[in-house]
Amino acid sequence: MNKGLMHSGPSRDALAYVEWLREDENFSDLLVQICPALNGHAFPKLKLRYKPSLVQLEGGISHLPLLDPSMRAIPLAPSEWRNKLEAGKDIDKASNSDLNRDFILLDVRNGYEWDIGHFHGARRPDVDCFRSTSFGLSQREAFASDPLADLDKEKTDILMYCTGGIRCDVYSTILRQRGFHNLYALKGGVSHYLENEGPVEWVGNLFVFDSRLSLPPSAYKPDAVSEARMIGKVSENPFATCYICSSQVRELRHRNCANLDCNLLFLCCADCVKNLRGCCCLNCTTAPQRRPVLPGYQRYKKWHLYRDSEVQSQLTI
Ligand SMILES: [Zn+2]
Ligand SMILES: [Zn+2]
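In this report, the structure presented in the accompanying data block is examined. (Residues numbered from 1 in each chain as written. Chains lettered and ligands numbered in written order. Predicted model: local features only at pLDDT ≥ 70, side-chain atom pairs only at ≥ 80, totals over all residues. Heavy atoms only, no water.)

## Topic: the overall build of the protein
Okay, step 1: Regarding its fold elements, the protein presents 8 helices and 10 strands.
Okay, step 2: Per-residue burial over the protein gives 41% buried out of 317 residues.
Okay, step 3: Nonlocal contacts in the protein, meaning residues at least 24 apart in sequence, comprise 62% of its contacts between residues at least 6 apart.
Okay, step 4: A total accessible area of about 18700 Å² is found for the protein, and carbon and sulfur atoms account for 51% of it. (Helix = DSSP H or I, 4+ residues; strand = E, 2+ residues; numbered from the N terminus. Buried < 20%, exposed > 50% of the residue type's maximum accessible area, 1.4 Å probe, protein only. Contact = heavy atoms within 4.5 Å. Areas by Shrake-Rupley, 256 points an atom, 1.4 Å probe, with all protein chains shown as cover.)

In structure tokens:
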């Protein structure tokens, strides 16, 4: 089923490890993605964890036929994906080729991932988390905000993507059960695409689930970025905005709300960090379990570290 392995190390060692893994027939077709770590090890500690499910979804996923590949979306290689997106922009649909069929582009990641970068023309549900993604699932009257609501389930192509492909495996299985026929997913997810095609059709950066938080497309394929820029295929418009004041300043960065009980991951500008002391909203600034504003690109550590310092500062007042 879904296997997720993430490692960091010198590239020679990483490649030797991949070779060793592939000798096992269970891993012989493993899709390997390599991406440079910009500031030393991306995963400095070895952690082995058993997770019954890598993907969290409302209603659980154990009842889904996830072992059946025919239920999932058809994987499109990065080049096929790019062709499809580029063909979709052609106004002249007269050629009626397969590539020119109507499609809907779905982003099935979380809101905070979308906020910093996504495919041009993609849609995502108006929810914070993938867990509550709802496109195509409404049993009742069609929601205006659901692009799959009124759709011809047999004619329209649905293209979906996530960071590495696993969430698409889950979501496409659900849509298949709901009667959608033409489901496609970006093979290997956005990271695999940026490695192969560069930033064509992509706007912004890619959120990653480790201390680096987000990577520019140039981290995946440096030459492709300048090439795409030369032929005008990179959108330079900054579209990422501060979650609080909506400004589009350059130095936006992700942070967790300083209120432990909220912990919302959001994109924030330096002014709002200062004004709200690292919180996501006014309410959170008066919450009981607040942590200090973290400088730079650090992430919060265990609560007791802050709780103790809080107690100390109260004693000195
Ligand atoms: Zn702001
Ligand atoms: Zn908050």
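Having put the structure on the table, let's press on.
## Some details on the coordination of the zinc ion (ligand 2)
Okay, step 1: Within the protein, Cys-257 (SG), Cys-262 (SG), Cys-280 (SG) and Cys-284 (SG) serve as the donor atoms for the zinc ion (ligand 2), at 2.3 to 2.4 Å.
Okay, step 2: Coordination at the zinc ion (ligand 2) comes from 4 donor atoms whose angles at the metal span 105 to 115°, giving a geometry best classed as tetrahedral. (Donors = N, O, S within 2.8 Å, 3.2 Å for Na, K, Ca; no water. Tetrahedral: all angles 85-135°; square planar, octahedral: opposite > 155°, others 65-115°.)

## Details of unusual backbone geometry
Okay, step 1: The phi dihedral of Asn-263 falls on the positive side, at around 60°, and the residue is not glycine.
Okay, step 2: Within the secondary structure layout, Asn-263 lies in the loop between strand E9 (253–256) and strand E10 (265–268).
Okay, step 3: Positive phi values are uncommon outside glycine, yet Arg-277 reaches one of about 50°.
Okay, step 4: Mapped onto the secondary structure, Arg-277 falls in the loop between helix H7 (270–275) and helix H8 (303–316).

## Let's talk about the coordination of the zinc ion (ligand 1)
For a metal bound by four donors in tetrahedral geometry, the ideal donor-metal-donor angle is 109.5 degrees, whereas six donors in octahedral geometry ideally sit at 90 or 180 degrees.
Okay, step 1: Donor atoms from the polypeptide that coordinate the zinc ion (ligand 1) comprise Cys-242 (SG), Cys-245 (SG), Cys-269 (SG) and Cys-272 (SG), at 2.3 to 2.4 Å from the metal.
Okay, step 2: Donor residues for the zinc ion (ligand 1), ordered by position in the chain, follow C-x2-C-x23-C-x2-C.

## Observations regarding helix H2 (residues 78–88)
Okay, step 1: Those residues of H2 lying buried are Pro-78, Trp-81, Arg-82, Lys-84, Leu-85 and Ala-87.
Okay, step 2: Against the buried residues of H2 lie strand E1 (74–76), strand E2 (103–107), strand E3 (117–119), strand E4 (157–161), strand E5 (183–186) and helix H5 (189–197).

## Let's talk about the pattern of salt bridges
Okay, step 1: According to the stated counting rule, one finds 6 salt bridges in the structure shown.
Okay, step 2: A salt bridge links Arg-167 to Glu-113; its shortest N-O distance comes to 2.8 Å. One end of the pair, Arg-167, is in helix H4 (residues 166–177); the other, Glu-113, is in helix H3 (residues 111–114), and 54 residues separate them in sequence. A single burial state applies to Arg-167 and to Glu-113, both of which are buried.
Okay, step 3: Note that Lys-155 is salt-bridged to Asp-152, the shortest N-O span being 4.0 Å.
Okay, step 4: Connected through salt bridges with shared partners, the residues Arg-82, Glu-86 and Glu-197 form a single ionic network. (Salt bridge = Lys/Arg side-chain N within 4 Å of Asp/Glu carboxyl O.)

## Considering the sheet that holds E4
Okay, step 1: Pairing is parallel in the open sheet, where 4 strands are placed in the order E1-E5-E4-E2. With partners counted over all chains shown, the strands left at the sheet margins are E1 and E2, one partner each. If you compare each strand with its neighbour and ignore which way they point, the axes differ by 30° on average.
Okay, step 2: Sheet strands touched by H2: E1, E2, E4 and E5. Its angle to E4, the strand with the most contacts, is close to 125°. (Pairing = 2+ DSSP bridges. Axes fitted to C-alpha atoms, helices over the stretch in contact; angles between N-to-C directions.)

## Some points on the packing of aromatic side chains
Okay, step 1: For the structure shown, the criterion picks out 10 aromatic pairs.
Okay, step 2: Considering the side-chain rings of Phe-119 and Tyr-161, the 4.7 Å spacing of their centres and the 85° angle between planes classify their relative orientation as edge-to-face. Remark: Tyr-161 occurs in strand E4 and Phe-119 occurs in strand E3; sequence separation between them is 42 residues.
Okay, step 3: A relative accessible area of 0% places Phe-119 in the buried class.
Okay, step 4: A relative accessible area of 0% places Tyr-161 in the buried class.
Okay, step 5: Seen in terms of ring centroids, Phe-119 and Trp-202 are 5.0 Å apart; in terms of plane orientation they differ by 90°. Their pairing is edge-to-face. With Phe-119 in strand E3 and Trp-202 in strand E6 (residues 202–204), the pair connects residues that are 83 residues apart, well separated along the chain. Of the two residues examined, Phe-119 and Trp-202, each falls in the buried class.
Okay, step 6: Clustering of aromatic rings is evident, with ring pairs tying together Trp-81, Phe-119, Tyr-161, Tyr-193 and Trp-202.
Okay, step 7: The ring of Tyr-184 carries Lys-84 above its face, with NZ or CZ at 5.9 Å from the centroid.
Okay, step 8: Positioned above the aromatic ring of Tyr-300 is the side chain of Arg-291, whose terminal nitrogen or guanidinium carbon lies 3.9 Å from the ring centre. (Phe/Tyr/Trp six-rings, centres within 6.5 Å; stacked < 30°, edge-to-face > 60°. Lys NZ or Arg CZ within 6 Å of the ring centre and 35° of its normal.)

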